[in-house]
Amino acid sequence: MSLSQQLASDLPFLRRYARALSGSQETGDAMVRVTLEQALGDEALKESLNEGRLALYRTFHAVLDHDKLTIDPSSIPGSKEANAVAKLQAITDSKRHALLLTTVEEFTPRQAAQILRLDTNQVEALVQDAVSEIDAEQKTRVLIIEDEPMIMMQLEDLVMSLEHEVCGTATTRSEALNAFENKQPGLVLADIQLADGTSGLDAVEDILGRSEVPVVFITAYPERLLTGDRLEPTYLVTKPFREQTVKAAISQALFFG
């Protein structure tokens, strides 16, 4: 596989990771652009990208650690984006790095350790600390948009295990908007393909037209949402999902939301 083919395959998922890490589509994409500009201008870094997806994420962290990417929050349009950038620059990210790499991106602790240049036991400890933070987070009301009954019940149980409240459920676009207007949730979990053939993306666009509530998308086909053709989700979980992955996405969404 050529380098261009390798990057075409791996970049959508690096963009997903950067967005989840930063809480912002604009900031996450800026991180990826900086990584590519630096890597393609450095022969050693460029050569390392031929090693595959793990090498791309390792390069991403190496470039960002070296350059300390900073963006002036006041230069970003929209209070939600600016708030995400301000929070990102005010925290130490190592726990969130380790958690997202081993859950959303599905690297093993050993692989995450290679990416972060840490020992495996350090990564495992960081993940445990991050999980503890999730358990201690402020609780909220959650709307679940999902048309598969078994997955709906699994998500309800997961949300309640985190001591959040399931304030409503929906299986179609119209149900989702009605539930949102009636229940005013603080977080939305949304499938993409809904029961009547409508789109969860369209349902969420309806909702975001009324409020900047954080949203976590859950889909069996994440690559369809990472094309750059339209506004892309900041928090995106792949089906079939692990509960820890959804918990990590919820944690990020609520932290930046």
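In the block above lies the structure referred to throughout.
Everything in this summary refers to the structure shown in the same document.

Rules behind the numbers
- Residues numbered from 1 in each chain as written.
- Predicted model: local features only at pLDDT ≥ 70, side-chain atom pairs only at ≥ 80, totals over all residues.
- Heavy atoms only, no water.
- Salt bridge = Lys/Arg side-chain N within 4 Å of Asp/Glu carboxyl O.
- Helix = DSSP H or I, 4+ residues; strand = E, 2+ residues; numbered from the N terminus.
- Buried < 20%, exposed > 50% of the residue type's maximum accessible area, 1.4 Å probe, protein only.
- Pairing = 2+ DSSP bridges.
- Axes fitted to C-alpha atoms, helices over the stretch in contact; angles between N-to-C directions.
- Contact = heavy atoms within 4.5 Å.
- Core = buried A, V, L, I, M, F, W, Y, C linked by side-chain atoms within 4.5 Å.
- Expected span 1.5 Å × (residues − 1).

Our focus in this paragraph is the pattern of salt bridges. Scanning the model with the defined rule gives 12 salt bridges in all. The partner of Lys 239 in a salt bridge is Glu 146, and the shortest N-O contact between them spans 3.1 Å. Here Glu 146 lies in the loop between strand E1 (141–145) and helix H9 (149–161) and Lys 239 lies in the loop between strand E5 (235–238) and helix H12 (243–256), a separation of 93 residues in the sequence. Summarising the burial analysis for this pair, Lys 239 and Glu 146 share the class buried. Between Lys 239 and Asp 191 there is a salt bridge whose closest N-O contact spans 3.2 Å. You can see Lys 239 sitting in the loop between E5 and H12 and its partner Asp 191 sitting in strand E3 (residues 187–191), a full 48 residues away along the chain. The same class applies to Lys 239 and to Asp 191, which are both buried.

Moving on, we get to the sheet that holds E3. Pairing in this open sheet of five strands is parallel, and the strands run E2-E1-E3-E4-E5 from one edge to the other. Looking at which strands have only one partner, the edges of the open sheet turn out to be strand E2 (165–170) and E5. Here the average twist between neighbouring strands, direction ignored, is 20°. Bridge count between E3 and strand E4 (residues 215–219): four bridges; the pairing is parallel. Bridge assignment links Val 188 to a residue of E4, and that residue is Val 215. Helix H10 (residues 173–183) contacts E1 and E2 of the sheet and is inclined by roughly 170° relative to E1.

Moving on, we come to the nonpolar core. Counting 55 residues, the largest nonpolar core has Phe 60, Leu 189 and Val 216 as the members making the most contacts within it. A total of eight residues in this core trace back to one element, the largest contributor, which is helix H1 (residues 3–22). Each residue touching Phe 60, except ones within four places of it in the same chain, is listed here: Leu 14, Tyr 17, Ala 18, Leu 21, Met 31, Val 32 and Thr 35. Core analysis: the second largest hydrophobic core is formed by 19 residues, Ala 170, Phe 180, Val 188 and Leu 194 among them.

On to unusual backbone geometry. Across the junction of Lys 239 and Pro 240, the peptide omega takes the value -10°, indicating a cis bond. Structurally, Pro 240 can be placed in the loop between E5 and H12. In the Ramachandran plot, Glu 163 falls in the positive-phi region, its phi being about 70° despite a non-glycine side chain. Here Glu 163 is to be found in the loop between H9 and E2. Classification of Glu 163 by relative accessible area gives exposed; the value is 59%. Positive phi values are uncommon outside glycine, yet Gln 184 reaches one of about 50°. Take Gln 184: it is sitting in the loop between H10 and E3.

In a regular helix each residue adds 1.5 Å, so 14 residues correspond to 20 Å; H12 covers 20 Å between its end C-alpha atoms and thus fits that length. Of all the 14 residues making up H12, 10 are buried; the element is thus mostly covered by neighbouring parts of the structure. Of the positions making up H12, those classed as buried are Thr 245, Val 246, Ala 248, Ala 249, Ile 250, Ser 251, Gln 252, Ala 253, Leu 254 and Phe 256.

Honestly, it's all geometry; don't read function into it.
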